[in-house]
There are 2 protein chains.
Amino acid sequence: MMDGFVLFGDIVHTAPDSGLSLHGHSHLVVESGRCAGVFPILPERFRGLPIENCAGLIVPGFADLHLHAPQHRNLGLGLDMELLDWLNTITFPTEAHFSDEDFAAAEYEKFSAALRRSATTRACVFATIHGDATLQLMRLLEQSGLFTFVGKVNMDRNSPAFYVEDSASKSLRATERWLDAADSFTHCRPILTPRFVPSCSDELLSGLGRLARERKLPLQSHLSENLREIAWVKKLCPDSSSYTGVYEAFGLLGERSIMAHCVHLSGREIDIIHDTGTFAAHCPTSNINVRSGAAPVRRYLDAGLNIGLGSDISGGHTLDLFEVMRAAIDVSKLRWRLVDDSLPALTAADAFALATRRGGAFFGKVGAFDAGYEADILVVDDRRYVNSEDSLSQRFERMVHLARAEDVAHKYVAGVRIF
Amino acid sequence: MMDGFVLFGDIVHTAPDSGLSLHGHSHLVVESGRCAGVFPILPERFRGLPIENCAGLIVPGFADLHLHAPQHRNLGLGLDMELLDWLNTITFPTEAHFSDEDFAAAEYEKFSAALRRSATTRACVFATIHGDATLQLMRLLEQSGLFTFVGKVNMDRNSPAFYVEDSASKSLRATERWLDAADSFTHCRPILTPRFVPSCSDELLSGLGRLARERKLPLQSHLSENLREIAWVKKLCPDSSSYTGVYEAFGLLGERSIMAHCVHLSGREIDIIHDTGTFAAHCPTSNINVRSGAAPVRRYLDAGLNIGLGSDISGGHTLDLFEVMRAAIDVSKLRWRLVDDSLPALTAADAFALATRRGGAFFGKVGAFDAGYEADILVVDDRRYVNSEDSLSQRFERMVHLARAEDVAHKYVAGVRIF
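Calculation rules
- Residues numbered from 1 in each chain as written.
- Chains lettered and ligands numbered in written order.
- Predicted model: local features only at pLDDT ≥ 70, side-chain atom pairs only at ≥ 80, totals over all residues.
- Heavy atoms only, no water.
- Salt bridge = Lys/Arg side-chain N within 4 Å of Asp/Glu carboxyl O.
- Helix = DSSP H or I, 4+ residues; strand = E, 2+ residues; numbered from the N terminus.
- Buried < 20%, exposed > 50% of the residue type's maximum accessible area, 1.4 Å probe, protein only.
- Phe/Tyr/Trp six-rings, centres within 6.5 Å; stacked < 30°, edge-to-face > 60°.
- Lys NZ or Arg CZ within 6 Å of the ring centre and 35° of its normal.
- Patch = residues over 30% accessible without salt bridge, like charges linked within 9 Å, V, L, I, M, F, W, Y side chains within 5 Å.
- Areas by Shrake-Rupley, 256 points an atom, 1.4 Å probe, with all protein chains shown as cover.
- Lys, Arg positive; Asp, Glu negative; His and termini not counted.
- Charge placed at Lys NZ, Arg CZ, Asp CG, Glu CD.
- Contact = heavy atoms within 4.5 Å.
- Buried area = accessible area lost by both parts, 1.4 Å probe.
- Polar contact = N/O pair within 3.5 Å; in protein donor to acceptor, adjacent residues only side chain to side chain.
- Core = buried A, V, L, I, M, F, W, Y, C linked by side-chain atoms within 4.5 Å.
- Pairing = 2+ DSSP bridges.
- Axes fitted to C-alpha atoms, helices over the stretch in contact; angles between N-to-C directions.
- Least-squares fit on C-alpha atoms with pLDDT ≥ 70 in both.

K.L.:
An account of the pattern of salt bridges is needed here, citing residue identities and associated values.
P.N.:
For the structure on display, the rule yields 47 salt bridges over all chains. A:Glu95 is the salt-bridge partner of A:Arg195, the closest N and O atoms lying 2.9 Å from each other. Of this pair, A:Arg195 sits in the loop between strand E10 (193–194) and helix H5 (202–215) while A:Glu95 sits in helix H1 (residues 83–96), and the two are 100 residues apart along the sequence. Both residues of the pair, A:Arg195 and A:Glu95, count as buried. Between B:Lys110 and B:Glu107 there is a salt bridge, and its shortest N-O distance comes to 3.4 Å. Here the residue B:Lys110 and the residue B:Glu107 both occupy positions in helix H2 (residues 101–117), the gap between them amounting to three residues, near one helical turn.

The structure is reproduced here in structure tokens:
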């Protein structure tokens, strides 16, 4: 019991039924890295634990289900372009530079420092095709104290000559070497990362499916982001029922898989995502920036999909999940007005649930303060924007609409204080 | 000449043809509060002036064409509601409090301090129906050094009993008293402010039109923000050709008039706005937040409308015009994808032009660095997000997508340094 502690203050998290759970002047008890519960009056059995009084709001840490570490360098660049042009002009040339290990070390150091200082406690990260640079990123993230999944990217077709792997077999062998070398990390774990269908041959996707099963590995990729991309997949895979069907056919979907974007899924594809338990990573800043569209998140929630948020830097322009939450609300409001007013817009509470409990579920019991959940905690200093007369509910609303990562005064991951 | 100065550094503004004008390592010369030009090499005749080296980007000050000062208190609140519900629940009760002059003084002091510290150098501001509180706001803004227009609001119908003027004639008399008292200010000038058609009787609109002509006053109001509001106006004014037609009939349009929102104008209404030279204030953060819709700004630009940006706090959640610029791009991108791909999305340069040269035009020669323009200048510290290898064009892009008001290191209004 002596490794526990108590945070006292105003606590907000998402309840198991997805409703907002507000606890003014309450105690969040942490023992052995996990939450023991939230209590208005501290139970007798916890009275020996050290108590910290927290100004601001105490909320769960945020889960970022999709982002590209090498693109941290490009935040805010090239956003007058659409996806495929943007990939060729901005993204691929930058990622190719990561063959240079000094360059990679310097860039990944900046990225890791930024992620560590952000509101994110858990993340699923794309690296590049380079195994050594990916290991370098993993070493840095391991030191950050965050829990992350990092993937060496696989690409063996339809990619620029300067940024592609020679064959499926070479890509798979490089992946196995990387996996063997990555085995020593505890906080930063490997995740298989086929970039997306257009840049992966059938042989490569099939081999990655086999690896996932043999080594019991999670997997991440992109799905149904942009209309031109979807048309391209249809042309590349004329025998598949859908873009989602391609991943399904190779055994790449499931409860340990994340598919980023899912903007334009058909009803049948939504069923497949649902039935396999695959996680959708909604990336609204990116979907706006590179003009991919407005994913019907309300429909996905109603359908019971596993879904969380992704910053998708640098299609997204920021690692700050507060901004991504707001963009999720914005996209849903404009979609309601412009496309389909039968799907209610996301509320502040909905967006918060996506960033915390819903996205956190990919990592296990993460993203809420229920007893037994890992203690990922943010203390958000809200003095910058609250009014002294605000209710706790109003302070929550203002946080969703006005807070920034820089307002996070303290961050804990599985009970360990990061700052 | 001795009241002049020179800023040396990397300068960006919008050219007369609306294109982006980039000047690395150049001199911006200011004399008697106005720009004398931008020069790569400082001409002989200016060599006696003091020179300041500026890190970061030197850009024109931003013009905020529409905002509600009393709603500064409500930033980030009530944004799960649509416009008319939000007005009745959040806005009107707060505005009614401004009958209390102590309350008004305290709130307006916070607002004025925030506007002074923002990226805004010119603003058009709604106060409340209370003449004395409006004068208090004007005194504070006069001291801020910014150039502003402030209006006592007129409302004599369809308003809550706790927040309405008794009759058109009383509203007009109160307006004249306020105008007489406001005459001493130089930087903060009065602007007539009928709230919008639903809350103003014909007699009131007619009287305000007469006042505008007699006293040569500018005017601001709301137009075509929300579909329920538009339907309401149609019902209230069955004989009018359109919402815009009501304002036209009372002589309230023209080059010194600003109509906020203009989200759902018909082709005929666009023609009226164009032919009268009326300014449209595009308020994208607000139009998203209270789900009003996506104004076709590209169409308005193509049609040659006068148009700038408005933060519209607290329908908009922030005074920061950097965020409003980004929202203008976002709305245009989603509109392109979801509604009409014949209207190209706004580029970073387009959004910057709206915030500077286009919006500034309401105030005269304001919002650019052409010779003769008033010297409204921001020095934007971009070390937080630029890369040492960025071109000036890339630094500009990053500023539009990543900068915040807090990044403004120095601000000048008509050649006077504010901070």
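K.L.:
Residue-level account of the packing of aromatic side chains, with values.
P.N.:
Any pair of aromatic rings gets described here by the distance separating the centres and the angle formed by the planes. Across all of its chains, the model carries 26 aromatic pairs over all chains by this definition. Seen from their ring centres, A:Phe279 and A:Phe362 are 5.2 Å apart, and the 80° between their planes marks the pair as edge-to-face. Of the two residues, A:Phe279 sits in strand E13 (residues 279–282) while A:Phe362 sits in the loop between helix H12 (348–360) and strand E15 (377–380), which places them 83 residues apart along the sequence. Its relative accessible area of 10% is what places A:Phe362 among the buried residues. When the ring of B:Phe92 is compared with that of B:Tyr163, the centres are 5.9 Å apart and the planes differ by 45°; the resulting orientation is tilted. With B:Phe92 in helix H1 (residues 83–96) and B:Tyr163 in the loop between strand E8 (153–154) and helix H4 (168–181), the pair connects residues that are 71 residues apart, well separated along the chain. Residue B:Phe92 is classed as buried on the basis of its relative accessible area, which comes to 5%. On the accessibility criterion, B:Tyr163 (1% relative accessible area) is buried. Through a chain of ring-to-ring contacts, the aromatic side chains of A:Phe149, A:Phe279, A:Phe362 and A:Phe363 assemble into a single cluster. The ring of A:Phe419 is capped by A:Arg117, whose NZ or CZ atom sits 4.0 Å from the centre of that ring.

K.L.:
So what's going on with a negative patch on the surface? Residues and values would help.
P.N.:
On the surface, a cluster of negative charge is contributed by A:Asp100, A:Glu101, A:Asp102 and A:Asp132. Relative to the elements of secondary structure, A:Asp132 occurs in helix H3 (residues 131–144).

K.L.:
I'd like to hear about the interface of chain B and chain A, residue by residue, with values.
P.N.:
The parts lose accessible area when they come together, and the size of an interface is often stated as this lost area. Taken together, the contact between chain B and chain A spans 40 residues of the former and 40 residues of the latter. Roughly 3,800 Å² is buried in total at the junction of chain B and chain A, and carbon and sulfur atoms are behind 52% of that figure. Counting across the interface, chain B meets chain A through six salt bridges. Its salt-bridge partner being A:Arg73, residue B:Glu389 comes within 2.8 Å of it at the nearest N-O pair. Summed over the shared surface of chain B and chain A, the number is 22 residue pairs in polar contact (both at pLDDT 80 or more). Counting only elements with at least two residues in the side of chain B that touches chain A, the list comes to helix H9 (284–289), helix H11 (321–338) and helix H13 (392–402) of chain B. The element contributing the most residues to the side of chain B that touches chain A is H11(B), with seven residues.

K.L.:
Kindly report on the nonpolar core, identifying the contributing residues and their values.
P.N.:
Counting 219 residues, the largest nonpolar core has A:Phe111, A:Met399, B:Phe111 and B:Met399 as the members making the most contacts within it. Residues contacting A:Met399, with those up to four places away along its chain left out, are A:Leu57, A:Val59, A:Phe322, A:Arg326, A:Phe352, A:Val380 and A:Tyr385.

K.L.:
Help me get a handle on the sheet that holds strand E12 (residues 257–261) of chain B, residues and values and all.
P.N.:
All names here are of chain B. One open sheet accounts for four strands, arranged E11-E12-E13-E14; its pairing is parallel. In the strand order of this sheet, the two ends are held by strand E11 (219–223) and strand E14 (306–309), each with one partner. Pairs of neighbouring strands in the sheet enclose a mean axial angle of 30°, with direction left out of account. Pairing between E11 and E12: five bridges, direction parallel. Paired with Leu219 across the bridge in E12 is Ser257.

K.L.:
Any chance you could break down the sheet that holds strand E15 (residues 377–380) of chain B for me, citing the residues and the numbers?
P.N.:
Residue and element names in this part refer to chain B. Taken together, the seven strands give an open sheet; going across it, the order is E3-E2-E1-E4-E15-E16-E17, and neighbouring strands pair in mixed fashion. Looking at strand neighbours, the two that pair on one side only are strand E3 (34–39) and strand E17 (416–417), the edges of this open sheet. Summarising the sheet, strand E4 (residues 51–60) and E15 pair through four bridges and their orientation is antiparallel. Within E15, the residue paired with Leu57 across the bridge is Val380. The sheet contacts of helix H12 (residues 348–360) involve strand E1 (5–14), strand E2 (20–31) and E4, and relative to E1 the element is tilted by about 125°.

K.L.:
Talk me through the side chain of B:Glu374; I want residue IDs and the actual numbers.
P.N.:
Locating B:Glu374 in the fold gives a position in the loop between H12 and E15. Non-local contacts of B:Glu374, meaning those with residues more than four positions away in its chain, are made with B:Gly33, B:Arg34, B:Cys35, B:Arg122, B:Phe147, B:Phe363, B:Lys365, B:Val366, B:Ala368 and B:Ala414.

K.L.:
Requested: an account of the relation of the copies chain B and chain A, with residues and values cited.
P.N.:
The transformation that overlays chain B on chain A combines an axial shift of 0.0 Å with a rotation of 180°, and the residual RMSD is 0.0 Å. This pairing of chains is accounted for by a two-fold axis. When C-alpha positions in chain B are compared against the rotation axis, the closest is assigned to B:Leu338, at 3.5 Å. With an isologous cut-off of 70% or more, the 100% of interface residues of chain B that recur at the interface of chain A puts this contact in the isologous class.

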